[in-house]
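An overview of the molecular structure
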Amino acid sequence: MAAQADTRSLQFVGKKRSDKGGDEDDHGSSVFIIPKKPHLSSAKEDPVLSLANARHEFGEHGGVNMSIEASATFTVMEPDTMRRLFAGELGPDRDFFIYSRHFNPTVLNLGRKMAALEGTEAAYCTASGMSAISSVLLQLVGGGGHVVASHSLYGGTHALLTHFLARACRIETTFVDVSDIGAVREAMIEGRTKVLYFEAVSNPTLVVADVPELCRVAHEKGVVVVVDNTFAPMVLSPARLGADVVVHSISKYISGGADIIAGAVCGPASLVNSMMDMHHGALMLLGPTMNAKVAFELSERIPHLGLRMKEHCHRALEFAKRMKKLGLKVIYPGLQDHPQHGLLKSLGNPEYGFGGILCVDLDSEERANRLMHHLQNATQFGLMAVSLGYYETLMSCSGSSTSSEMSNEEKALAGISPGLVRMSIGYTGTLEQRWAQFERALAKLHDESFMFHKN
């Protein structure tokens, strides 16, 4: 039972599978991902609208939820069909599958949802966010290439660019402050720089990138723009603002349950197809394959992502305002004194606020650790854990955890102080209940400080 495909969404050709194949609509190439028809979407188009317009996949027996295709390998009815599959004459666009490392129907359906969410032609879902990032960079840059990247990145990405790709592939990276458009332009070497890479909202410093301006500068020099939108799904739509490729750690907000590791590459169908090429594709040959059961789980969570993000963002803004009134050093794009407050307000999708993450700078790692101890163990405000996007509040001292791969000099350059506490604000309990818990923990920290100075 197949749903009618919307013309604006990523879709498969709606033909009944036949091993004979026939010649009608036979592509004769490895074009497996069918792009949506051109649609000039507004940068402010609500991602929820795009998701609602995407194709709905029904179950095998008419169930309202799609079926899980758990098979690793797929049968054919005629011997010659196998040859045609490997020759690229038949593929998922005609409902032909070989092996789930290549394509899997359930994973492809999640890819359609991710493409709709980000407003791209196509998307491919992977086993982790880092596998999505590394595969894209390997595909676009190649050995001996050059990347310009933000100096404020997730520690794992920074290590990938600084150490692994430099050692294994001789890929050189120049790190810059992406808020300085002139420095970005100067760092790009025409004919050699292949990718400009940055996070839409940086981890953990919450610097908001001027996506349209950065894309304009990069495209002038023929450079592909890759944006990590893990911190801001729904809030920002980088592809609608000009980015060529958007990557995600789906493990975070999109999953929402802190129980799944997954990633996604969203971009042009030509890129996704090239990454799945049997001879040269980074995704095909490195094999960061998503399990179909994971894809099913994630597909069931995306429809309420918009509702979850609104509550994450609403609470983060309210907490940030109250913390600031208490005299704390708070970093949050929703505060008017944040350097990119106006920028995010102008670029962001209406109704989704300014993100669900805030940072509090306690100056020293010792004070940061004491506050987190009280918040978790004394008042139950949140949990000391890395990651983000969970329904409970998660807290970590970034410099000694998710940014620990960076040297002290690199952290200082990125604005990561020793006492910076990153908080991914959850939505369980009432807002007032959680705020009272925060105040009690802060009072305990102040009492400790008073006793220390008294003695």
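Residues numbered from 1 in each chain as written. Predicted model: local features only at pLDDT ≥ 70, side-chain atom pairs only at ≥ 80, totals over all residues. Heavy atoms only, no water.

So, about the environment of Pro 212. Along the chain, the position of Pro 212 falls in helix α7 (residues 211-220). The class for Pro 212 is partly exposed, based on a relative accessible area of 31%. Along the sequence, Pro 212 and Ala 243 sit 31 residues apart, while their C-alpha atoms lie 7.7 Å from each other. (Helix = DSSP H or I, 4+ residues; strand = E, 2+ residues; numbered from the N terminus. Buried < 20%, exposed > 50% of the residue type's maximum accessible area, 1.4 Å probe, protein only.)

This part covers the sheet that holds strand β3 (residues 172-176). The strand order across the open sheet formed by seven strands is β1-β7-β6-β5-β4-β2-β3, and the pairing between neighbours is mixed. The strands lining the two open edges of the sheet, one partner per strand, are β1 (122-126) and β3. On average, each strand axis in the sheet is inclined to that of its neighbour by 20°, with strand direction left out of account. With four bridges connecting them, strand β2 (residues 146-150) and strand β4 (residues 193-199) associate as parallel partners. (Pairing = 2+ DSSP bridges. Axes fitted to C-alpha atoms, helices over the stretch in contact; angles between N-to-C directions.)

The subject of this paragraph is the nonpolar core. In this structure, Met 114, Met 323 and Met 423 are the most contacted members of the largest nonpolar core, which totals 93 residues. Residues in contact with Met 423, not counting those within four places in the same chain, are Met 323, Gly 356, Ile 357, Leu 358, Val 360, Leu 375, Phe 381, Leu 394, Met 395 and Phe 438. The next biggest cluster of nonpolar side chains, apart from the first, holds 32 residues, and it includes Ala 122, Val 147, Leu 161 and Met 284. (Core = buried A, V, L, I, M, F, W, Y, C linked by side-chain atoms within 4.5 Å. Contact = heavy atoms within 4.5 Å.)

As a further point, take the confidence of the model for the protein. With 89% of its residues at a pLDDT of 70 or more, the protein has an overall mean of 89. Note on residues 1-16: pLDDT is under 50 here. Beyond four places in sequence and across chains, it has 42 contacts. Confidence drops under a pLDDT of 50 for residues 21-32, and excluding neighbours within four residues, the segment shows 30 contacts in the predicted structure. (pLDDT = per-residue confidence, 0-100.)

Another point: the pattern of salt bridges. Counted by the stated rule, this structure contains 18 salt bridges. Here Arg 216 and Glu 220 are joined by a salt bridge, their closest N and O atoms 2.6 Å apart. Taken together, the residues Arg 216 and Glu 220, both in helix α7 and four residues apart, mark about one turn of the helix. Classification of Arg 216 as partly exposed rests on a relative accessible area of 36%. Lys 310 is paired through a salt bridge with Glu 351; the nearest N and O atoms lie 3.2 Å apart. Taken together, the positions of Lys 310 in helix α11 (residues 305-325) and Glu 351 in the loop between α12 (341-347) and β9 (357-361) put the pair 41 residues apart, joining distant regions of the chain. A relative accessible area of 63% places Glu 351 in the exposed class. In the salt-bridge network here, residues are joined through shared partners; they are Asp 80, Arg 83, Arg 84 and Glu 89. (Salt bridge = Lys/Arg side-chain N within 4 Å of Asp/Glu carboxyl O.)

So, on to α7. If you check which residues of α7 are buried, you get Val 211, Leu 214, Cys 215, Val 217 and Ala 218. End-on view of α7: buried residues confined to an arc of 165°, all on one side of the axis. One or two residues past the end of α7 sits Gly 222, with phi positive at roughly 70°. (Arc of directions from axis to C-beta.)

A separate point is the packing of helix α3 (residues 105-118) against helix α10 (residues 292-301). Interaxial distance between α3 and α10 falls to 8 Å at its minimum, and their mutual angle equals 35°. Crossing hand, α3 versus α10: left-handed. Contacts between α3 and α10 involve Thr 106, Val 107, Asn 109, Leu 110 and Lys 113 from the first element and Ala 292, Ala 295, Phe 296, Leu 298 and Ser 299 from the second. Counted by class, the contact of α3 with α10 contains six nonpolar, three polar and one charged residues. (Left-handed = near helix turned anticlockwise from the far one by under 90°. Nonpolar A, V, L, I, M, F, W, Y, C, P; charged D, E, K, R; others polar.)

Attention now moves to unusual backbone geometry. Cis geometry is adopted by the peptide bond preceding Pro 204, which originates at Asn 203 and carries an omega value of 5°. With respect to the element layout, Pro 204 can be found in the loop between β4 and α7. Of note in this structure, Asp 363 is not a glycine but carries a positive phi near 75°. The residue Asp 363 is located in the loop between β9 and α13 (365-378) in this model. The phi torsion at Gln 380 lies on the positive side, around 60°, for a residue other than glycine.

Here the focus is helix α5 (residues 155-169). Taking 1.5 Å of rise per residue, 15 residues should cover 21 Å, and α5 covers 19 Å from first to last C-alpha, within 8% of that figure. Where α5 bends most, the angle comes to about 35°, and this point is Leu 161. Within α5, burial applies to Gly 155, Gly 156, Thr 157, His 158, Leu 160, Leu 161, Leu 165 and Cys 169. Contacts from the buried residues of α5 go to α4 (129-140), β2, β3, β4 and α14 (408-414). Looking one or two residues beyond α5, the residue adopting positive phi is Arg 170, at roughly 55°. (Expected span 1.5 Å × (residues − 1). Bend = angle between axes of the 7 residues up to and from the residue.)

Here we take up the packing of aromatic side chains. Counted according to the given criterion, the structure contains seven aromatic pairs. Aromatic side chains Phe 103 and Tyr 124 sit 6.0 Å apart centroid to centroid with 75° between the ring planes, which places their arrangement in the edge-to-face category. Taken together, the residues span a long stretch of sequence, with Phe 103 in the loop between α2 (79-86) and α3 and Tyr 124 in strand β1 at a distance of 21 residues. Summarising the aromatic geometry, the rings of Phe 319 and Trp 435 are spaced 6.0 Å apart at their centres and angled 25° between planes, so their arrangement reads as stacked. With a gap of 116 residues between them, Phe 319 in helix α11 and Trp 435 in helix α15 (residues 431-454) connect regions that are remote in the sequence. Clustering of aromatic rings is evident, with ring pairs tying together Phe 319, Phe 381, Trp 435 and Phe 438. (Phe/Tyr/Trp six-rings, centres within 6.5 Å; stacked < 30°, edge-to-face > 60°.)

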